[in-house]
Amino acid sequence: MQDNLIKFGEFSCVLKVKASLGECPRWDSLAGVLWWVDILGAELHRFDPRTSEDLVIPMPEHIGCFSQSDDGGFIAALRSGIWLLDAQGSPTRMLCSNPENTRTSRFNDGRCDAAGRFWAGTIDEPKAGGKAGLYRYDGNGLQSIDGGFLTSNGLAFSPDNRWLYHADTPRFTVYRRPFDVITGAVGPREPWLVLHPTELDRGRPDGAAVDAEGYYWSALYEGGRIIRVAPDGTIVETYPLPAQCPTMCAFGGTDLRTLYVTTARHGRPDDELRALPESGGLFAMRVSVPGVPEPLYSSRRIATGAIEPSQGDKA
């Protein structure tokens, strides 16, 4: 499916696949494809919008998030820890283990910053103890940034690298923190966007992406919509889609003006799935403001401390 066949301002299902928990869409500007995962299906996917072909790469365990690497492979946060994958998606080396109890914790949402550091948060699967955390992997290994979360989600960086955004999904809150791209240091978190659920609308902030104007796009899980949030925390646009549980968005296409959204169907009621049969599929719509290229993971840049744009930044 070509980008020009995707509607402007209206979501279409471009891949009718029944993912249990689709997540972490990542546009590959060199190959012109979209990588994404099914966390609970333990799969890495490679979707080609030109042919609608979706290649499925089985993973040995749950995969929460990943970033492409400048060596052609990937860095990925699996349940057991953070791993390097080769270009075919096969795990080659564990960089560090999950510091939490893997029986009740797995890595969830994350991405690289502009200096090539990898950030990933975890999920407290019982959602009872608030034991999830946010971590940064760099030349010093895995560093704990913050904790006390239920589901670490919505990680994104402002285009000027001044802010790190981060959500705790079950608490309906997106936080922001001052961010120093040179050192990787962050300041104290502050509530930036707090949603107020109702009996009929339980939409809460899941995965996110930031556009070139610095607006934050958030997938509202159980809310059936994507919101665009201004830098001051004001919701300025809302886009519904025919799935109750969107999970994450990413900008793609040759001009980064196609917004892709993954969705979930695991645990959803039968009547909902009958009404929204494309749940679990991959959706897309055209937008007027482009996204920003996704940074690549780079062990070289981490070791030297250099922050020149990676290949992914230049695309």
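Residues numbered from 1 in each chain as written. Predicted model: local features only at pLDDT ≥ 70, side-chain atom pairs only at ≥ 80, totals over all residues. Heavy atoms only, no water.

The name recorded for the protein in an unreviewed UniProt entry is 6-deoxy-6-sulfogluconolactonase, from Ralstonia wenshanensis. Taken verbatim from the UniProt record of the protein, the Sequence similarities (unreviewed entry) comment is "Belongs to the SMP-30/CGR1 family." (UniProt positions renumbered as here; feature names shortened; annotations may be inferred.)

Visitor: Looking at this structure, how should I read unusual backbone geometry?
Guide: For residues that are not glycine, phi is negative in most cases, and the peptide bond is trans in most cases. Unusually for a residue other than glycine, serine 52 sits at a positive phi of about 65°. In this fold, serine 52 is placed in the loop between β4 (43–48) and β5 (53–58). Unlike most non-glycine residues, glutamate 222 shows phi in positive territory, near 65°. Its place among the elements puts glutamate 222 in the loop between β19 (216–221) and β20 (225–229). (Helix = DSSP H or I, 4+ residues; strand = E, 2+ residues; numbered from the N terminus.)

Visitor: Please clarify how the packing of aromatic side chains should be interpreted in this entry.
Guide: Between two aromatic rings, the relevant description is the distance of the centres plus the angle of the planes. All chains considered together, the criterion is met by 13 aromatic pairs. Between tryptophan 119 and phenylalanine 179 the ring centres are 5.9 Å apart and the planes differ by 75°, which places this aromatic pair in the edge-to-face class. Of this pair, tryptophan 119 sits in strand β11 (residues 118–124) while phenylalanine 179 sits in the loop between β16 (173–178) and β17 (190–194), and the two are 60 residues apart along the sequence. As far as the burial class goes, tryptophan 119 and phenylalanine 179 line up, both buried. Considering the side-chain rings of tyrosine 165 and tyrosine 216, the 5.2 Å spacing of their centres and the 50° angle between planes classify their relative orientation as tilted. (Phe/Tyr/Trp six-rings, centres within 6.5 Å; stacked < 30°, edge-to-face > 60°. Buried < 20%, exposed > 50% of the residue type's maximum accessible area, 1.4 Å probe, protein only.)

Visitor: Help me understand the UniProt feature "binding site: substrate" (unreviewed entry) in the protein in this model?
Guide: Within this numbering scheme, the UniProt entry marks Arg106 and Asn108 as carrying the feature "binding site: substrate" (unreviewed entry). Among the residues just listed, Arg106 and Asn108 line the second largest pocket. When you line up the elements, arginine 106 lands in strand β10 (residues 105–112). In this structure arginine 106 comes out as buried when scored by relative accessible area, which is 5%. For arginine 106, the residues in contact, after removing those within four places along its chain, are Leu21, Ile39, His62, Arg79, Asn98, Gly121, Thr122, Ile123 and Glu125. Of the polar contacts made by the side chain of arginine 106, one reaches the side chain of asparagine 108; its length is 3.1 Å. (1 Å grid on protein atoms, 1.4 Å probe; cavity = no way out; pocket = protein on both sides within 12 Å on 5 of 7 lines; lining within 4 Å. Contact = heavy atoms within 4.5 Å. Polar contact = N/O pair within 3.5 Å; in protein donor to acceptor, adjacent residues only side chain to side chain.)

Visitor: What should I look at first to understand the sheet that holds strand β6 (residues 63–68) in this one?
Guide: Note: strands within a sheet are paired through backbone hydrogen bonds, in either parallel or antiparallel orientation. Here four strands make up an open sheet; going across it, the order is β6-β7-β8-β9 and the pairing antiparallel. Among the strands making up the open sheet, the edge pair consists of β6 and β9 (91–97). Between one strand axis and the next, the sheet turns by 25° as a mean value, whatever way the strands run. Pairing of strand β7 (residues 74–78) with strand β8 (residues 81–85), which is carried by four bridges, proceeds in the antiparallel orientation. Considered in β8, the bridge of alanine 77 is made with isoleucine 82. (Pairing = 2+ DSSP bridges. Axes fitted to C-alpha atoms, helices over the stretch in contact; angles between N-to-C directions.)

Visitor: Is there a simple way to think about the UniProt feature "binding site: a divalent metal cation" (unreviewed entry) in the protein in this case?
Guide: The UniProt entry lists Glu23, Asn153 and Asp206 under the feature "binding site: a divalent metal cation" (unreviewed entry), expressed in the numbering used here. Across 184 residues, the annotated set stays spatially compact, with a maximum C-alpha separation of 10.9 Å. Taken from the residues named earlier, the lining of the second largest pocket is made up of Glu23, Asn153 and Asp206. Position of glutamate 23 relative to the elements: it lies in strand β2 (residues 22–28). Among residues more than four places away in sequence, those in contact with glutamate 23 are Trp36, Val37, Ile39, Gly64, Asn153, Asp206, Thr247, Met248 and Thr262.

Visitor: I would appreciate a short explanation of the nonpolar core in the present structure.
Guide: Among soluble globular proteins, nonpolar side chains are generally buried collectively. In terms of nonpolar packing, the biggest core is built from 35 residues, with Leu44, Phe66, Ile75, Ile82, Phe118, Tyr137 and Tyr297 touching the most fellow members. Contributions of two or more residues to this core are made by β3 (33–38), β6, β7, β8, β9, β10, β11 and β12 (132–138). By size, the runner-up hydrophobic cluster in this structure holds 28 residues, among which are Cys13, Ala19, Tyr239 and Met285. (Core = buried A, V, L, I, M, F, W, Y, C linked by side-chain atoms within 4.5 Å.)

Visitor: Even after reading the chapter, I still don't get the pattern of salt bridges, so can you show me in this structure?
Guide: It is possible for side chains bearing opposite charge to pair when their charged atoms get close. Per the stated rule, a full pass over the model turns up 21 salt bridges. Close ionic contact of arginine 171 with aspartate 168 constitutes a salt bridge, the shortest N to O distance being 2.7 Å. Here arginine 204 ties to glutamate 222 by a salt bridge, and the two come within 2.6 Å at their closest N and O atoms. Here glutamate 222 lies in the loop between β19 and β20 and arginine 204 lies in strand β18 (residues 204–210), a separation of 18 residues in the sequence. Judged on exposure class, the residue arginine 204 and its partner glutamate 222 are both buried. (Salt bridge = Lys/Arg side-chain N within 4 Å of Asp/Glu carboxyl O.)

Visitor: Sorry if this is basic, but what is going on with the sheet that holds β4 here?
Guide: Taking strand neighbours across the sheet as the criterion, the four strands line up as β2-β3-β4-β5 in an open arrangement whose pairing is antiparallel. At either margin of the open sheet sits one strand with a lone partner, and together these are β2 and β5. Taking the axes of each pair of neighbouring strands and ignoring which way they run, one obtains an average angle of 20° across the sheet.

Visitor: Would you explain the layout of surface pockets in this entry?
Guide: A water-sized probe, rolled over the atoms, reveals where empty space remains. Empty space within the second largest pocket amounts to approximately 390 Å³. Taken together, the elements giving at least two residues each to the lining of the second largest pocket come down to β10 and β18. When the residues that make up the lining of the second largest pocket are grouped by side-chain class, the tally is seven nonpolar, seven polar and six charged. (Points joined across faces, edges and corners; volume = space filled by probe spheres on them. Nonpolar A, V, L, I, M, F, W, Y, C, P; charged D, E, K, R; others polar.)

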